[in-house]
Amino acid sequence: MAAAGGGAARGARVLAERIRAERKVLEEAVRSSKNAPTIVYLRQLKSQVVREDPDLVLVNKPHGLPVHGGPSVERSVTSLLPALAKHHFGWKAEPLKLCHRLDRDTTGALILARSTEAADRVQQALREREVHKVYWALCIGTPSPREGILDIPIVEKETPGPQKHYKMALSPRFRVSKEGAVERARVSRSAQEAVTRYRTLGAGSGASLVELHPITGVKHQLRVHLALGLNCPILGDHKYSHWGRLAPQKPPDSVLKALGITAPQARSLALHLHAVQITLPSYQGSAPIVLQCPLPYPFIKTLRSLHIPPPNLESLLPPPKD
């Protein structure tokens, strides 16, 4: 009995030493990370892991977290990848690889790979437009028509306002003349083809929930198509709600009243754009991989305040076959 007890004690000591060693490696990974993320923030990101398999990890990226670092960026997804891998898969795990990007203020599906081969496979599918993405956006106003396809090229331009800055803008193929005639317009040479399929899922209190299927992947495509193409800017999009000036978004009174905020408080509204689904093509005879991320609670809370029923993942349209 004594020998058995001694063996159990030795086993407990070995386990404790291993746990201490793993914790030390994790803390060292955190300290050595360029942007020094905190353990608390790292654990929060770990809690956003929606799915993992031998090749890929799906993270429901929170609002305000940039994917890439920079001189003024304290922490980013990229800076967290080595520590996240060790924190989630053990201290011997290799750093996770970033497969694509999301804007800082966009929430939702972000794919990480556990190997370089898997990351290359996803990135190649993205380049060949074999990956289908779906977004949900909460917009001011309701699109007219409520469902359709926006096929309007996008170009980066300097605004003509008093505070000159650069934004993405529409470069339409047609325009309406002063006499009301439709005539062909000259598309900028720098413009990129931009195509978005959309449908309205619900509306209330002067706002609407819109499902977006980007066919192309131009910078800020969804925000520009909604704000400048449909005149329905995304709630919390302070960049594209005004063209020629830098100013916070001013939602209509119906939206402010439903949310229980004042016009000055609207400047703190977060961008309500969520990457809800990514479908990867089949690989070596396997079925396509459908990756989904539920809406974050603040987004759902806003929907309820506006009396718009929150959608469910089962309502998503299937990816197009061509």
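Scroll up to find the structure.
Let us look at the structure shown here. Fair warning: this is a prediction, and the values are worked out from it, not measured in the lab.

**A word on the overall build of the protein chain**
Reasoning step 1: Each helix and strand counted, the protein chain has 7 helices and 14 strands in total.
Reasoning step 2: The buried share of the protein chain, taken over its 322 residues, is 43%.
Reasoning step 3: Across the protein chain, every contact between residues at least 6 apart in sequence was considered, and the portion connecting residues at least 24 apart equals 64%.

**With respect to helix H3 (residues 77-89)**
Reasoning step 1: If you check H3, its first and last C-alpha atoms are 17 Å apart, about what 13 residues at 1.5 Å a residue would give, namely 18 Å.
Reasoning step 2: When H3 is considered as a whole, its buried residues turn out to be Val77, Ser79, Leu80, Leu81, Ala83, Leu84, Ala85 and His87.
Reasoning step 3: Just downstream of H3 lies Gly90, where phi reads positive at about 110°.

**Considerations on the pattern of salt bridges**
Oppositely charged side chains are able to pair whenever their charged atoms sit close together.
Reasoning step 1: Evaluated as defined, the whole model comprises 8 salt bridges.
Reasoning step 2: The residue Asp53 makes a salt bridge to Arg51 at a minimum N-O spacing of 3.9 Å.
Reasoning step 3: Its relative accessible area of 36% is what places Arg51 among the partly exposed residues.
Reasoning step 4: A salt bridge links Asp55 to Arg121; the shortest N-O distance between them is 3.5 Å. With Asp55 in the loop between strand E1 (49-52) and strand E2 (56-61) and Arg121 in helix H4 (residues 116-127), this pair connects stretches of sequence that are 66 residues apart.
Reasoning step 5: Note on Asp55: relative accessible area 35%, which makes it partly exposed.
Reasoning step 6: Connected through salt bridges with shared partners, the residues Asp151, Arg173 and Glu193 form a single ionic network.

**Regarding a nonpolar patch on the surface**
Reasoning step 1: Where nonpolar side chains cluster on the molecular surface, the patch consists of Phe174, Val176 and Val182 and spans about 320 Å² of accessible area.
Reasoning step 2: Looking at Val182, the relative accessible area reads 64%, which means it is exposed.

**Description of the environment of Asp103**
Reasoning step 1: Secondary-structure assignment places Asp103 in the loop between strand E3 (97-98) and strand E4 (107-113).
Reasoning step 2: Taking C-alpha positions, Asp103 is 8.5 Å from His220, a pair spaced 117 residues apart along the chain.
Reasoning step 3: When residues no more than four places from it in sequence are discounted, the contact partners of Asp103 are Lys61, His220 and Arg223.

**Considering the side chain of His272**
Reasoning step 1: Summarising the element assignment, His272 is placed in the loop between helix H6 (253-259) and strand E13 (273-280).
Reasoning step 2: Accessibility expressed as a relative area gives 6% for His272, which makes it buried.
Reasoning step 3: For His272, the side chain forms a polar contact with the main-chain oxygen of Ala270, separated by 2.7 Å.
Reasoning step 4: Separated by 3.0 Å, the side chains of His272 and Thr302 make a polar contact.

**Considering the side chain of Asp53**
Reasoning step 1: Along the chain, Asp53 turns up in the loop between E1 and E2.
Reasoning step 2: Among the polar contacts listed, one links the side chain of Asp53 to the backbone nitrogen of Asp55, at a separation of 2.8 Å.
Reasoning step 3: Here the side chain of Asp53 touches Leu56 through a polar contact of 2.6 Å, landing on its backbone nitrogen.

**Let's talk about the pairing of strand E5 (residues 132-140)**
Reasoning step 1: By the criterion of burial, E5 is predominantly enclosed, with 9 of the 9 residues buried.
Reasoning step 2: For E5 and E13, the ladder comprises 6 bridges, and the chain directions are antiparallel. By the bridge assignment, Lys133 is partnered in E13 with Ile278.
Reasoning step 3: In this sheet, strand E12 (residues 207-214) lies alongside E5 in antiparallel orientation, the contact comprising 6 bridges. Each residue of the ladder has a partner; that of Trp136, found in E12, is Glu211.

Criteria and thresholds
Residues numbered from 1 in each chain as written. Predicted model: local features only at pLDDT ≥ 70, side-chain atom pairs only at ≥ 80, totals over all residues. Heavy atoms only, no water. Helix = DSSP H or I, 4+ residues; strand = E, 2+ residues; numbered from the N terminus. Buried < 20%, exposed > 50% of the residue type's maximum accessible area, 1.4 Å probe, protein only. Contact = heavy atoms within 4.5 Å. Expected span 1.5 Å × (residues − 1). Salt bridge = Lys/Arg side-chain N within 4 Å of Asp/Glu carboxyl O. Patch = residues over 30% accessible without salt bridge, like charges linked within 9 Å, V, L, I, M, F, W, Y side chains within 5 Å. Areas by Shrake-Rupley, 256 points an atom, 1.4 Å probe, with all protein chains shown as cover. Polar contact = N/O pair within 3.5 Å; in protein donor to acceptor, adjacent residues only side chain to side chain. Pairing = 2+ DSSP bridges.

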